[in-house]
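A look at the structure
Residue strings, one per chain:
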Amino acid sequence: MSSLLVEAANVIVAAPSPGTSTVPQPTSNAPGDLAAKVNTVLGIVAWAGTAAGVLGVLITGAMMAVSLKRGESSEHMSRLGMVLGGCVLVSTAGPLVGFVFN
């Protein structure tokens, strides 16, 4: 029984012969029309995310100004931090995914 396990271990860890690979490397061949449509949709989503980030900064600034005029204190810096964090995430989404999957 132990010789069978040793032989199985030798087969599993055996080095591949030259010119062969043990891990398949699939290629991504998306149809041209599909790739163009996906890029269009991703461009629109990226633009909408950027616009939402700018709008969020403007709204947070307006809320800060109104509460300062009223003499109220609020947690505007945490809101601003969340908005800016979202802006950073939206702007780096493409490069991050490209880094992970390429």
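The numbers attached to residues start from 1 for each chain and follow its sequence in the written order. Reporting of local features is limited, given that this is a predicted model, to residues whose pLDDT is at least 70; pairs of side-chain atoms are given and counted only at 80 or more, and all residues count toward the totals for whole chains, interfaces and linings. Excluding hydrogens and water, the side-chain values take into account all heavy atoms of the structure.

Bringing the overall build of the protein into the picture now. What the protein contains, in helices and strands, is three helices and zero strands. Each helix is a run of DSSP H or I of at least 4 residues and each strand a run of E of at least 2, with the numbering of both proceeding from the N terminus. N-terminal to C-terminal, the α/β element order of the protein is α-α-α. For each residue, the accessible area found with a 1.4 Å probe, counting protein chains only, is set against the maximum for its type, and the residue is called buried under 20%, exposed over 50%, and partly exposed in between. The buried share of the protein, reckoned over its 102 residues, is 6%.

Another point: the side chain of T60. Of note, T60 is situated in helix α2 (residues 32-70). On the basis of relative accessibility, which here comes to 5%, the residue T60 falls in the buried class. Residue contacts follow a heavy-atom distance rule, with two residues in contact if any of their heavy atoms lie within 4.5 Å. When near neighbours in sequence (up to four residues on either side) are disregarded, T60 contacts H76, R79, L80 and V83.

This part takes up a nonpolar patch on the surface. A cluster of nonpolar side chains, V97, F99, V100 and F101, forms an exposed patch at the surface whose accessible area comes to about 510 Å². If you trace the backbone, V97 turns up in helix α3 (residues 76-101). Patch construction takes residues with relative accessible area above 30% that form no salt bridge. Like charges are linked within 9 Å, and nonpolar side chains (Val, Leu, Ile, Met, Phe, Trp, Tyr) are linked within 5 Å. To be clear on the numbers: accessible area is Shrake-Rupley with a 1.4 Å probe, and residue cover counts the displayed protein chains and nothing else. Salt bridges are identified by distance alone: a Lys or Arg side-chain nitrogen within 4 Å of an Asp or Glu carboxyl oxygen.

The next thing to look at is the confidence of the model for the protein. When pLDDT is low, close inspection of the predicted coordinates is not appropriate. Across the chain, each position has a pLDDT score giving the predictor's confidence in that residue, from 0 to 100. Mean pLDDT over the protein: 79, with 80% of residues reaching 70 or higher. Mean pLDDT across the secondary structure elements of the protein bottoms out at helix α1 (residues 2-12), with 69, and peaks at α2, with 87.

Turning to α3, a few remarks are in order. A helix is expected to reach a length of 1.5 Å times the quantity of its residues less one. In a regular helix each residue adds 1.5 Å, so 26 residues correspond to 38 Å; α3 covers 37 Å between its end C-alpha atoms and thus fits that length. Where α3 bends most, the angle comes to about 50 degrees, and this point is T92, followed within four residues by the proline P95. At any given residue, the bend is defined as the angle formed between two axes, one fitted to the seven residues that end at that position and one fitted to the seven that begin there.

Count 3.6 residues to each turn of an α-helix, and residues three or four apart come out pointing the same way. If you check α2, its first and last C-alpha atoms are 57 Å apart, about what 39 residues at 1.5 Å a residue would give, namely 57 Å. Listing the buried residues of α2 in full gives G53, G56, T60 and S67. Against the buried residues of α2 lie α3. In the stretch just after α2, G71 is the one whose phi turns positive, near 85 degrees.

Right, let's get into the packing of α2 against α3. To get an axis, a line is fitted to the C-alpha atoms, and for a helix only the part in contact is used. The angle between two axes follows their N-to-C directions and goes from 0 to 180 degrees. At their nearest, the axes of α2 and α3 sit 9 Å apart, and the two run at 170 degrees to each other. Taken together, the axes of α2 and α3 are roughly antiparallel relative to one another. Handedness of the α2/α3 crossing: left-handed. Contacts from A46, G49, T50, G53, G56, V57, T60, M63, M64 and S67 in α2 reach H76, M77, R79, L80, V83, L84, C87 and V90 in α3. Taken together, the residues of the contact of α2 with α3 break down into ten nonpolar, seven polar and one charged. Relative orientations are named as follows: roughly parallel for angles under 35 degrees, roughly antiparallel for angles over 145 degrees, roughly perpendicular for angles from 65 to 115 degrees, and oblique for any other angle. The sense of a crossing depends on the near helix, which, turned anticlockwise from the far helix by less than a right angle, makes the crossing left-handed and, turned clockwise, makes it right-handed. Each residue receives one of three labels: charged for Asp, Glu, Lys and Arg, nonpolar for Ala, Val, Leu, Ile, Met, Phe, Trp, Tyr, Cys and Pro, and polar for the others, Gly being one of them.

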